[in-house]
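Working through the structure, step by step
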Amino acid sequence: MTDTSSPADDSPESTGDSPESTDDPALAVRGLTKRYGDTVALEEVDLAVDDGEFVAVVGPSGCGKSTLLRVLTGLEERFEGRAAVDGVDVRDGGSDGVGMVFQEPRLLAWADVRENVAIGLPGGVDRDDPAAHDRVDDLIETVGLDGFAGHRPGELSGGMAQRVSLARGLAYEPEVLLLDEPFSALDQLTKYEQQDNLLDVWRERGATVALVTHDVEEAAYLADRVVVLGGQPGTVEAVVNVEADRPRERTDKALLAARREITDALGV
Amino acid sequence: MATTRETETGEGGLDLAGAFPDPDRFRWLLGLVVPALLVVVWHLLVVTGVFAAHQLPEPLRVVETLYGMAATGELWGHVAITLQRVFFGVVLGVSVGIVFGTVTGLYGLANDLLDPLLQSLKNIPSLAWVPLFLLWFGIGEGAKVLLIAVGAFFPVYLNLSTGIGNVSEDLLEVAEVYDLGRFESLRRVVFPAAVPSLLVGIRGGVGLAWMFVVAAELIAAGQGIGFLMSDGRVLARPDIIVGSILLFAFFGNLSDLAVKGVKQRVVDW
């Protein structure tokens, strides 16, 4: 990934005072402030994510991590500042190319795993097409649920349901994939496996990924760049570049250094 | 991969669909105990003269009367016409209820326009409609079917409308994020999610249809279980009256069980 070098020159931009580059970043957030009534969830957040970059957003609960993703998916219409995908404002259809894996599985209880995954297939795809079937079955296998395609969500454990949701997000083949703590319900082993799956998909598709997590280790292992949100309302506390080469070893010294840096920024 | 599956199946509880333990299977029989006791008490009360036989006949007398009418074939005509009225009334009421429920559930404007009116109409007792329906539609079958349809309409309308309006916001967001589009999100998310509410409504509608058919038949009919009932009063035959009540109870229950069965089959998640 040659892209991984770019974050270095990006970090000043995250503070909001460098001039815009000519190419629009995949994700551009500037001076984003989001209020729910009197509660300010996010205040003056700046974030730029390059094409093909993998960014993790970490922070304590309630710092507005999820809100940031909701704005980017176009689920929040009212906010101050700018949020754009490939230069198009999320309120003007910029969010169309954005897929999201929610924190909760949010599956259709009446539909089996196969149908739930197929919900994610992009608009033009005929869901009854054999090729679409194969694709869905592949994804079910990718998330380690082969044999469960005909099961309903009620028959699955929380971790399995979360992986169905992950497969649905992957089926969408988005330009930008947002993930809201997608692995938090998984046991350690499955978590590692699914993290590597995500990295494979990211590499193959060259997608831009923004992952929200509270797991510092996960953030350092997966991301090119880690944005630390903090406080209430949430603001960007620090941006940590993870310098480790890919494919990474979980024990890489550079990862340890990045983790320390993130932890320091979180103030723990 | 295999390891993962093993650990997850262990905590997933996939064996839930297995056979039920034996005692539970016959549990429903317990529900028959109290009615059986009541019949015995009823019999004793009449035999010992607490109730005069011309006011309350013995249980066996009722059975004999029904059996006699069934044997001569007289009973079937009454039962058939009542069932037919209920059936067409339910079909009509449920259909219109689905249309109104869907429209008001989907469109806030339609809901604001129609819901207050329908909410107040639903409180009109069934008998209150009868004179008007007789005036408008005469004493033919049409009036009765329409009256029953009015009864079946309201529960379907109310439940479906709220059911569609209350589809989980979380799922709607999923539909939005994955760009399902209006049609697909209705087909795959909204309507399936509202099916349980619809069936609850249909169950209520069928129940009310039986109430309304009595109203219709008591007042203006030459045939039907309700007619049989009022005929029993005219002829001073309490056995016929009680027999008709039992017939209503039987068919009302049967139709309720049928809808419940459909519900359990359709809403099996």
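Residues numbered from 1 in each chain as written. Chains lettered and ligands numbered in written order. Predicted model: local features only at pLDDT ≥ 70, side-chain atom pairs only at ≥ 80, totals over all residues. Heavy atoms only, no water.

**What to know about the sheet that holds strand E4 (residues 80-85) of chain A**
Residue and element names in this part refer to chain A. If you walk across this open sheet you meet the four strands as E2-E1-E4-E5, and the pairing is antiparallel. Sheet topology places strand E2 (39-49) and strand E5 (88-89) at the edges, where each strand pairs with a single neighbour. Pairing between strand E1 (residues 27-36) and E2: seven bridges, direction antiparallel. Among the inter-strand pairings, Arg35 is bridged to a residue of E2, identified as Val40. Helix H2 (residues 65-72) rests against E1, E2 and E4 of the sheet, and its axis sits at about 115° to E1. (Pairing = 2+ DSSP bridges. Helix = DSSP H or I, 4+ residues; strand = E, 2+ residues; numbered from the N terminus. Contact = heavy atoms within 4.5 Å. Axes fitted to C-alpha atoms, helices over the stretch in contact; angles between N-to-C directions.)

**Things to note about the UniProt feature "transmembrane region" (unreviewed entry) in chain B**
All names here are of chain B. In the UniProt entry, the feature "transmembrane region" (unreviewed entry) is given for residues 28-52, 86-109, 129-158, 208-228 and 240-259. The distance from the first to the last C-alpha atom of residues 86-109 is 33 Å, and the span holds 96% helix and 0% strand. Across residues 129-158 one finds 90% helix and 0% strand; the C-alpha atoms that close the span lie 20 Å apart. (UniProt positions renumbered as here; feature names shortened; annotations may be inferred.)

**Here's the deal with the packing of aromatic side chains**
Residue and element names in this part refer to chain B. Throughout the structure, instances matching the rule amount to 13 aromatic pairs over all chains. Consider the rings of Phe133 and Phe137, whose centres lie 5.4 Å apart with planes at 65°: the pair is edge-to-face. Taken as a pair, Phe133 and Phe137 lie in helix H7 (residues 126-137) at a separation of four residues, close to a single helical turn. Overall, the relative accessible area of 8% leaves Phe133 in the buried class. (Phe/Tyr/Trp six-rings, centres within 6.5 Å; stacked < 30°, edge-to-face > 60°. Buried < 20%, exposed > 50% of the residue type's maximum accessible area, 1.4 Å probe, protein only.)

**Digging into a negative patch on the surface**
Among the surface-exposed residues, A:Asp126, A:Asp128, A:Asp129, A:Asp134, A:Asp138 and A:Glu141 lie close enough to one another that they form a single negatively charged patch. The partly exposed category is assigned to A:Glu141, whose relative accessible area is 46%. (Patch = residues over 30% accessible without salt bridge, like charges linked within 9 Å, V, L, I, M, F, W, Y side chains within 5 Å. Areas by Shrake-Rupley, 256 points an atom, 1.4 Å probe, with all protein chains shown as cover. Salt bridge = Lys/Arg side-chain N within 4 Å of Asp/Glu carboxyl O. Lys, Arg positive; Asp, Glu negative; His and termini not counted. Charge placed at Lys NZ, Arg CZ, Asp CG, Glu CD.)

**A look at the interface of chain A and chain B**
Taken residue by residue, the interface counts 39 residues in chain A and 24 residues in chain B. It is A:Arg106, A:Trp110 and A:Ile119 that lose the most area in chain A upon contact with chain B, and together they represent 23% of the buried surface on that side. Taken together, chain A and chain B are joined by four salt bridges. Counting across the interface, chain A meets chain B through eight residue pairs in polar contact (both at pLDDT 80 or more). The greatest single-element share of the side of chain A that touches chain B, amounting to six residues, is contributed by helix H5 (residues 158-171) of chain A. Considering only residue class, the side of chain A that touches chain B consists of 13 nonpolar, twelve polar and 14 charged. (Buried area = accessible area lost by both parts, 1.4 Å probe. Polar contact = N/O pair within 3.5 Å; in protein donor to acceptor, adjacent residues only side chain to side chain. Nonpolar A, V, L, I, M, F, W, Y, C, P; charged D, E, K, R; others polar.)

**Some thoughts on a nonpolar patch on the surface**
Residue and element names in this part refer to chain B. Residues Leu92, Val96, Val99, Phe100, Val103 and Tyr107 make up a contiguous nonpolar surface patch of roughly 460 Å² in combined accessible area. One can find Phe100 in helix H5 (residues 74-106). The partly exposed category is assigned to Phe100, whose relative accessible area is 31%.

**Digging into the UniProt feature "domain: ABC transmembrane type-1" (unreviewed entry) in chain B**
The sites that carry the UniProt feature "domain: ABC transmembrane type-1" (unreviewed entry) are, in the present numbering, residues 75-258 of chain B. For residues 75-258 of chain B, the end-to-end C-alpha separation is 23 Å, with 88% helix and 0% strand making up the annotated structure.

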